Amino acid sequence: MKKITTIKLLVAVTLISALTIGCTKKFDSINTNPNAPTVVPATNVLAKGILSSASTLFGERLDIYYTGSYAGMTAAIGLGDYEYRVDINNSMWRGMYLAMSYLVNASDLAKKENNMNLYAAALTLKAYDAQKTTDMWGDVPYSEAFHLKDSGLLYPHYDSGPTVYKEILAELKQAADIFKSGGTGALGVGDLIYKGDVSKWRKFCNSLRLRVAIRMSSVDQATAKSVIGEVLGDPTSYPVMAVNSDNAYLNFPGVTPDLEYWYIRLGTTGAYTDQYRMNYVLVNALQGNNDPRLPIYARLSNNGGYNGYRFGPNQLSDPNNNGNNVSGIGNRFSQNPAGFSPLMNAAEVSFIKAEAFQRGLASGNAQAAYENGITLSCTENGISAASIATLLSQPEVAWNGGTTSNLQKIYLQKWISLFKQSEEAWSEARRTDVPLMTDVSKNYSASHNRPPFRLAYADEEKTLNPNFPTKVVETDIFWGTQIWWDTRTGVH
Amino acid sequence: MGYQSETVALLFSKYIFLKPNFLAMRKTLTVFGMLLLCVTFGTTLLAQQSRFTGTVLNDDGQPIKFATLQVVGSSVGVSADQQGRFSINASSGQQLQISAVGYETHTITLGNDRDLVIKLASSESKMGEVVVTALGITRSKKTLGYAVQELNNAALTEAADNNIVNTISGKIAGAQVTSGGSTIGSSSRIVIRGNASFSGNQPLFVVDGTPIDNTTTNLGGGGGVDWGNTAADLDPNDIESMTVLKGASAAALYGSRATNGVILITTKKAAKGRKLGVDFNSSVVANVPGYWPKYQNEYGGGWDGEEYVYKRFLAANPGSTLSYNDYAKQYAYNYVDGAGGGVNDAWPINWGPRLDAGLKLDQWSTGKNSPWVSRPNNYKDFYSTQITTVNNVSVSANGDKASGRFSFTNENTPRGILPNTDQKQNTVNTSFTLNPTDRLSLVGNLTYLVKHSNNIPINGYTGVGVDFAWTERDFDTKYLEDQFNQSGNVSMWPGVDNYFYYYHNNNTLDRDRAFGNINATYKITNWLSAMARGGVDYYRERRKSIVQSGTASNVRKKRGGQFTQTDIFTQEQNYDFILNFDKTFGAIRIDGLAGGNYRDNTYNSSTLGASDLTVPDLYTISNVKGTPAASMFDSHKRTNSVFAEANASYKDFLFLGVTGRNDWSSTLPANNRSYFYPSVSLGFDLTKGLNITSDILNYAKLRASWAKVGGDTDPYQLAGTYSASSFNGISVFTPGGTLPPRDLKPQETKSYEIGTNLRLLKNRISLDLTYYDQTTVNQIISVATSTTTGYTGELLNAGEVENKGVEIMLNGKVLKNKTGLNWDITVNWAKNSDMVNTLYGGLQSYVISPGFGGAKTLAIPGQKWGILWGLPFVRDLKSGKIVVDNTGIPLTTNVAKNFGTVTPDWIGGINNSFQYKNFNLSFLVDMRKGGKFFSVTAWHSYPTGSYTVTTANHVRENGMIVDAVKQDGTPNDVRVAAEDYYGGAWVWNNHEYSILDGSYIKLREVIFGYNVNVRRIPWLAKLNLSVFGRNLAILSQDKSTKQFGLDPEVGLGGGDYGVGFENFQIPTTRNFGFKVSAGF
């Protein structure tokens, strides 16, 4: 009996051991993810980088509400205030850095695929995002950013604005030279901007170099001049956007769920009730010159007529600001499911040229470039040649006409052409003080004479990165130290 | 056992035997059929002998449950049932031996008396209680070196709740239950001994030795559809008892998943000794919405309408003769089209003119120049009483070689408190025991249930809660309902849906679930047995959410509606093989087990969705307009384990237990895949060991234990992957946001506990005290990283969380009177402190919940678990007062701050139960001290102007000077209108005024029952009637929650994400019920 028991016991123990220990061999295959790939084509990640950049920069919150109202282009009526919300601020910061990290990922994959064109395109867009990021916040991590995986860098240190610009210029130059050398590789289906046309990415890249250079031109004129000189001086090697078909626009298919971002928020028929409307500053500027773009940019208010929302201490009780008196945003920009997110356009390049020529940063015909900029912008908005001619003859538009200087005219027309690129328009207004915006939102009107200087840093960054600089000055959330290329004086 | 039940048995047997092709049919017999068959055999064979029935009682005349009765010298033996009743077949003159754990064995000789009352004397220790411990092993409580606590069926069913987790509230020391809300089918969260890690702190649920799934809806601070927690599928009517294993020591044998404790559930079996029994339970419960937000009824819709603003207007326009009515109409509020055509008619907000002051304005529901009056019940008008009926019938049968039970429950809630919401569940539970030989026994348990809801509403920042906060106090809900009934989606504001209409945007739930196990035990020798058990829990679930084409947004965008449909399949299989031994060597008794476990988890889900439909309101994927959304996810995990336990007892007063378990998990890297963890426990019966006999100290036991438990992670964490989506038909791959780990190790929890059980004053008082300290290290978590690193998180071993605490259970028999009034008081109290000792590297915080509106919960080194983090008032350093700008409005900051922890200081419950003859009355008071939360209701109470806080102290008549200082430190003297302060933009950048204290004392349960004396009714075994109430009153709460009329207890969902956030809670209900239980 005892023997049998022992045998039974042994059998049982063997069974247990066989059941458990023997079966771990399969564990590696059990734990292999059947749902998601570990390696993918670079082009499909580039697509993510493009979409991610566009959704943050040209989505509702940043483009219509925040920078839209700082830039004097749009406004949120109702409470109508500059909004600060911790979570939204976090998500914008995160949105920019995630977009860049996707582009870094795409460029790494492109390198492995030996696809240098795709590498250069990803680098171009990453630099584009980087400039936006530093223009919004100032000092930001860049040289040490995106290195957790390869170098274990958990707490990237913050680079000053000029340092970030230096890096951006170097990256753009690297990309431009890859394109110049006739880089290899197709951009593939993931190029949602240019449908695989490498020559247009090349123009986008060099145009961006001009944008970066002109932004810093008042502070670091030497660098600006050398970059502008290199690009404009060698159009064969460094072509730039010249016609509207060169525009870096993300066009939406307009089929659900892939709808344009402003449309998703504003798409409507019938009575107009949305809180997002036109800003008085832009409507006023367009009206002042009888600009034919007004009915394209703006919709008639419910009471008829064009009118923008006015910021100021009395904004809540101002009858002009009544919901039925304020224009909505024009159909081309807000009512088309198959609309676009404008990353950059040829008109801006023409205005950059005009400014460079006018300020002697390069030589050329400033007036021609200026008028070409207006023409490009109007044409893009479907304005007839006759109407463009009329516009060009308006006193404050015509070169050497009216009371404003030609440079101011360049600044104003460039700003107008940047509609729907609110962050860019805001940066230009901060750099040039054109248009002059002294009315700020109610709660801040007593202590500030210009719209916000900056976005507040993300709260999460302060707790997640011990290298968050202690010297940051944030006054009333949106103000504090001006961005390094913002040379305005007497502003607060 | 009455006459009728025998007839039923005969009918069964006839039915089966009369079938002509019985043999052929037998092949297809179900388990249930076999059960009935065996019962029939048993009944037939035993029918010749005399039947003795009776009750086994203790010294106090209380029934002893499950006593064993054995006819000496025969194989006939039965067990008494829960009420101590038994029935056994024997002949006069035979001897009957009666034994029960904790009592002296007693033998009587059977005579002519067929109805026996048998009394057993307590054995010396007076601690004969047996409890179910890990792996379903029944052990004597006195031998345990760790804390366990039991709840019987009555505690779970007498005051039934739709969610079984809720019925635990206040009854188990150290178990904190947070209800996800009063919407139908909502989940509840239970945490035992506090939060040990940064996510998933809930205990493991085990039914009859096999783990079951308790997937819990993890809603964030914003809320969403609460699909419930799947342990709520359990039907309390089928539960015999519930044992709560609180610490790692008690649960060490369950391995990694038991770190947070185990809730062991034993389902009902056929009551031994009752040949055939039919039980019927029926209850009806009314849930009446009971706790309403404190809305003001003094001022209505609009802006600039308060009396102070009117006075200010008159002062600024000295010549003006504008009456208040004319002013109001011109500047504050007048309805034309709800789209801005009138005065402030497009924005529902309550800064308008005074209500009930004789004003006449143009309005939506009453037309032009109609009286401007308050409608104090407009929120209540939206709700109705929810009625739930539960009907349960069970049949059990018992023979000497087989017994079984079959039970069916129908639970039906045709309408929740919100319109167009419902839920129903049908549950079948069956169990059988076969003893084909003396050595072999086979036990099977199976539960199958079907759950269905046509619509589960959204909790949180969507729905009627937030809508009414933003709705005018003059708003007529009944008119809205009429509009809906007559014309559909018509509302006061074009662009806003009729509140009744959007409750037809259904979130439908269907779940089919089966769980159970089969086990075979073979007695190898009298000291060794082997058991094999296979168990499974699986369900299929479909969740379908639709949005109708008629919503304002869809009409605006010309869309045909939307839907999302998710199908989920979950399965867990467990196979155990266990050898049990029990042998005595002189004064030393050793028992224990050795075994192995194979566990396999599968989870599959697929989702189809359409963001636009071609044919409106046809919610099928082929009807999609544009690109359909589709996704699928498959997951598979396996663990293998070997384990062993040994318990030694010396002279029945010194007890030593040792366990060890080794797991191999598929989710960990090969080199760290295997991990071992042990536990040791020691119990010492002082009274017996030191020979103490005293009427003051009847029993004293000291216990101590130490344990280490390892843990693994979810599948597929070891490699970085891309997630796929599409844009315009092009695949878009997103790199994973979490950097995969390099050398992941199992997480580890070490704990020790010491405790004592005391019985004093002739056992009138019993006290159970426990102190524990539990530390979790190497948590497997995705620590958030600065996005600037290129990742949003990194999966690694990090953090150290330490839980220390004390638990007290005190029971006092205040009055003890065999024939008169009995009064028992049970008190439980627990204090837990969960500290986050370290995180990782220089990391200053870990996000436990992203929260809502910028407020979130964090783990911060050196702080308690769950720190609420948000934006404070700007305060003057010297005086500590709020700083205002020169317009008298508070300054804002973007520098967030620690507002304290979401975890309570202590929790407790006091139950009083009275018994007088056949009547019993009990009431349970449940309490919680401390624990902060961020109230989104409070956050919106200012800007909406809807709550009484914005009208208190006549601020709307006289304006107000905020108690604050100016930026230069001088006292604020700027008078502002209420709307300037409460309605200012600053409120959105301030969370401080919305941080509330979660303390409460609640009258949780009141039960009044009557047991009808059925001794003289031969066919009736029992008949109980009871009326009960749940959540009857908040006896005390902090003034911070009281001022808003909030129930401080409610959380969001059942996961860690919702802890510390209240978001427009749907009014909690008071539940009133009536229950009948009858046994035949």
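Residues numbered from 1 in each chain as written. Chains lettered and ligands numbered in written order. Predicted model: local features only at pLDDT ≥ 70, side-chain atom pairs only at ≥ 80, totals over all residues. Heavy atoms only, no water.

1. Some remarks on the overall build of chain A
Counted only if it meets this: The helix count covers DSSP runs of H or I at least four residues long, the strand count covers runs of E at least two residues long, and both are numbered beginning at the N terminus. Relative accessible area decides the class of each residue, using a 1.4 Å probe on protein chains only: under 20% of the type maximum gives buried, over 50% gives exposed, and in between gives partly exposed. Here a residue-residue contact requires only that any non-hydrogen atoms of the pair lie within 4.5 Å.
Within chain A one finds 20 helices and eight strands. The principal-axis extents of the C-alpha atoms in chain A amount to approximately 115 × 55 × 50 Å. In chain A, which comprises 492 residues, the share counted as buried stands at 60%. Considering only intrachain contacts with a sequence separation of at least 6, the fraction spanning at least 24 residues in chain A is 74%.

2. Let's talk about the pairing of strand S55 (residues 1022-1037) of chain B
All names here are of chain B. Quick reminder of the rule: Paired strands, as defined in this entry, are two strands with at least two bridges between them according to DSSP.
In this structure, strand S54 (residues 1000-1011) lies alongside S55, joined through eleven bridges in antiparallel fashion. Bridge pairing links Lys1002 to Ile1034 in S55. Sheet topology places S55 next to strand S57 (residues 1069-1079); nine bridges connect them, and they run antiparallel. Bridged to Lys1022 within S57 is Gly1079.

3. Quick word on unusual backbone geometry
Geometrically, the link from Thr256 of chain A to Pro257 of chain A is a cis peptide bond, its omega value of 5° lying close to zero. For Pro257 of chain A, the location among the structural elements is in the loop between strand S4 (248-251) and helix H11 (261-266). The omega torsion of the bond from Val434 of chain A to Pro435 of chain A falls at -5°, within 30 degrees of zero and hence cis. Tracing the backbone through its elements, the reader meets Pro435 of chain A in the loop between helix H19 (422-432) and helix H20 (459-464). Its identity is not glycine, yet Lys420 of chain A carries a phi of approximately 80°, on the positive side. For Lys420 of chain A, the location among the structural elements is in the loop between helix H18 (406-417) and H19. Residue Lys420 of chain A is classed as buried on the basis of its relative accessible area of 0%. Its identity is not glycine, yet Asn344 of chain B carries a phi of approximately 50°, on the positive side. Tracing the chain through its elements places Asn344 of chain B in the loop between helix H7 (324-332) and strand S19 (360-363).

4. Regarding a nonpolar patch on the surface
Condition: Grouping into patches uses exposed residues only, defined as over 30% relative accessible area, and leaves out salt-bridged ones; the cut-off is 9 Å for like charges and 5 Å for nonpolar side chains (Val, Leu, Ile, Met, Phe, Trp, Tyr). Accessibility throughout is a Shrake-Rupley quantity obtained with a 1.4 Å probe, and a residue counts as covered only by protein chains that appear here. The salt bridge definition used is simple: a Lys or Arg side-chain nitrogen within 4 Å of an Asp or Glu carboxyl oxygen.
A cluster of nonpolar side chains, contributed by Val284, Ile387, Val814, Leu815, Leu821, Tyr916, Phe919, Leu921, Phe1008, Leu1025, Val1027 and Phe1074 of chain B, occupies part of the molecular surface with about 910 Å² of accessible area. Among the elements of the structure, strand S39 (793-815), strand S48 (919-929) and S55 of chain B are those that each provide at least two residues to the nonpolar patch.

5. Comments concerning the interface of chain A and chain B
How big an interface is tends to be stated in terms of accessible area lost as the parts join. Note the following rule: Simply put, the buried area is the total loss of 1.4 Å probe accessible area from both parts when two parts are fitted together. Two N or O atoms form a polar contact when they lie within 3.5 Å of each other; inside protein one atom must be a possible hydrogen donor and the other a possible acceptor, and for residues adjacent in sequence the pair counts only when both atoms belong to side chains. Any residue outside Ala, Val, Leu, Ile, Met, Phe, Trp, Tyr, Cys, Pro, Asp, Glu, Lys and Arg is labelled polar, Gly included; the first ten of those are nonpolar and the last four are charged.
Listed by partner, the interface residues are 91 residues for chain A and 91 residues for chain B. Between chain A and chain B, a total of about 7,700 Å² is buried, with carbon and sulfur atoms accounting for 61% of that surface. Interface area lost by chain A to chain B is led by Phe27, Ile30 and Asn31 of chain A, which between them contribute 9%. Seen at the junction of chain A and chain B, the total is two salt bridges. Arg673 of chain B is paired through a salt bridge with Asp28 of chain A; the nearest N and O atoms lie 2.7 Å apart. Taken together, chain A and chain B are joined by 18 residue pairs in polar contact (both at pLDDT 80 or more). Among the secondary structure elements, those contributing two or more residues to the side of chain A that touches chain B are helix H1 (2-20), helix H2 (27-30), helix H3 (42-57), helix H5 (86-112), helix H7 (148-151), H11 and H20 of chain A. The residue inventory of the side of chain A that touches chain B, partitioned by class, reads 49 nonpolar, 26 polar and 16 charged.

6. Some points on the pattern of salt bridges
Residue and element names in this part refer to chain B. Tallied over the entire structure, the rule returns 71 salt bridges over all chains. We note a salt bridge from Glu753 to Arg193, for which the minimum N-O separation is 3.0 Å. With Glu753 in strand S37 (residues 747-760) and Arg193 in the loop between strand S12 (188-192) and strand S13 (204-207), this residue pair connects regions lying 560 residues apart in the sequence. Grouping residues by exposure puts Glu753 and Arg193 together as buried.

7. With respect to the environment of Gln386 of chain B
All names here are of chain B. Mapped onto the secondary structure, Gln386 falls in strand S21 (residues 386-398). The exposure class assigned to Gln386 is buried, which follows from its relative accessible area of 2%. Between the alpha carbons of Gln386 and Gln548 there is a distance of 25 Å; along the sequence they are 162 residues apart. Dropping the residues within four chain positions of it, Gln386 is found in contact with Asn162, Ser182, Ile184, Val285, Ala286, Asn287, Thr413, Arg415, Gly416 and Ile417.

8. Some details on the pairing of strand S24 (residues 440-453) of chain B
Residues and elements named next belong to chain B. Pairing of strand S23 (residues 423-434) with S24 involves eleven bridges; the strand directions are antiparallel. Bridge assignment links Thr430 to a residue of S24, and that residue is Leu446. In the sheet, S24 pairs with strand S26 (residues 507-525) via 14 bridges, with the strands oriented antiparallel. Note that in S26 the partner of Thr447 across the bridge is Phe515.

9. Describing the nonpolar core
This is how it is decided: Only buried residues count toward a nonpolar core, which is a set of Ala, Val, Leu, Ile, Met, Phe, Trp, Tyr and Cys residues joined through side-chain atoms within 4.5 Å.
Ranked by internal contacts, the top residues of the largest apolar core, which has 162 residues, are Trp201 and Phe204 of chain A. Apart from the residues within four sequence positions on either side, Phe204 of chain A is in contact with Thr124, Leu125, Tyr128, Tyr194, Met241, Ala248, Leu343 and Met344 of chain A. The next biggest cluster of nonpolar side chains, apart from the first, holds 99 residues, and it includes Val884, Val936, Trp986 and Phe1061 of chain B.

10. What about the packing of aromatic side chains?
Which entries qualify depends on this criterion: Two rings from Phe, Tyr or Trp (for Trp, the six-membered ring) form a pair when their centres sit within 6.5 Å of each other. Planes less than 30 degrees apart are called stacked, planes more than 60 degrees apart edge-to-face, and all others tilted. Whether a charge sits over a ring comes down to the Lys NZ or Arg CZ being within 6 Å of the ring centre and within 35 degrees of the ring normal.
Under the criterion given, the structure shown has 86 aromatic pairs over all chains. Centroid distance Tyr194 of chain A to Trp201 of chain A: 5.7 Å. Interplanar angle 85°. Geometry classified as edge-to-face. Trp201 of chain A shares its class with Tyr194 of chain A; the two are buried. It is Arg215 of chain A that lies over the ring of Trp485 of chain A; its NZ or CZ is 5.5 Å from the centre. The side chain of Arg114 of chain B reaches across the aromatic face of Phe52 of chain B, ending 5.6 Å from its centre.

11. Considerations on the side chain of Ser935 of chain B
Residues and elements named next belong to chain B. Among the structural elements, Ser935 can be located in strand S49 (residues 932-935). Polar side-chain contacts of Ser935 include one of 2.7 Å to the side chain of Glu1062. Residues contacting Ser935, with those up to four places away along its chain left out, are Ser994, Leu996, Leu1046 and Glu1062.

12. Digging into the sheet that holds S49 of chain B
Two orientations exist for strands paired in a sheet by backbone hydrogen bonds: parallel and antiparallel. Residues and elements named next belong to chain B. Stated formally: Axis angles are defined between N-to-C directions and span 0 to 180 degrees, where every axis is a line fitted to C-alpha atoms and, for a helix, only to the segment in contact.
In space, the three strands of this open sheet follow the order S53-S49-S56, with mixed pairing throughout. With one partner strand each, in any of the chains shown, strand S53 (995-997) and strand S56 (1061-1062) form the two edges of the open sheet. Where S49 lies against S53, three bridges are found, and the strand directions are antiparallel. By the bridge assignment, Phe933 is partnered in S53 with Leu996. Across the sheet, helix H13 (residues 936-944) touches S49, S53 and S56, and the angle it forms with S49 is around 45°.

13. Details of the side chain of Lys246 of chain B
All names here are of chain B. Along the chain, Lys246 turns up in the loop between strand S16 (239-245) and helix H5 (248-251). We classify Lys246 as buried; its relative accessible area is 3%. At 2.9 Å, the side chain of Lys246 and the side chain of Gln149 are in polar contact. Here Lys246 is in contact with Ala147, Gln149, Ile172, Ala173, Ile192, Arg193, Gly261 and Glu807, once residues within four sequence places are set aside.

14. Description of H18 of chain A
Residues and elements named next belong to chain A. Spelled out, the test is: Helix span, as expected, comes to 1.5 Å for every residue beyond the first.
An ideal rise of 1.5 Å per residue puts 16 Å on twelve residues; H18 measures up with 16 Å between its terminal C-alpha atoms. Of all twelve residues in H18, ten are buried; the element is thus mostly enclosed. Taken residue by residue, H18 has Asn406, Lys409, Ile410, Tyr411, Leu412, Gln413, Lys414, Trp415, Ile416 and Ser417 as its buried positions. Summarising the contacts, the buried residues of H18 are in contact with helix H9 (198-216), helix H12 (280-288), helix H13 (294-297), helix H15 (346-358), helix H16 (366-380) and H19.

15. Details of the packing of helix H6 (residues 116-137) of chain A against H9 of chain A
Residue and element names in this part refer to chain A. The condition that has to hold: Orientation labels follow simple angle bins: below 35 degrees gives roughly parallel, above 145 gives roughly antiparallel, 65 to 115 gives roughly perpendicular, and whatever is left gives oblique. In this scheme, a crossing is called left-handed if the near helix is turned counterclockwise away from the far one by less than a right angle; it is called right-handed if the turn is clockwise.
Where H6 meets H9, the axes come as close as 10 Å, and the angle between the chain directions of the two elements is 25°. Relative to H9, the element H6 is oriented roughly parallel. Between H6 and H9 lies a crossing whose hand is left-handed. Within the contact between the two elements, H6 uses Asn117, Ala121, Thr124, Leu125, Tyr128, Gln131, Lys132 and Asp135 and H9 uses Val198, Trp201, Phe204, Cys205, Leu208, Arg211, Val212 and Arg215. Residues belonging to the contact of H6 with H9 are distributed by class as follows: nine nonpolar, three polar and four charged.

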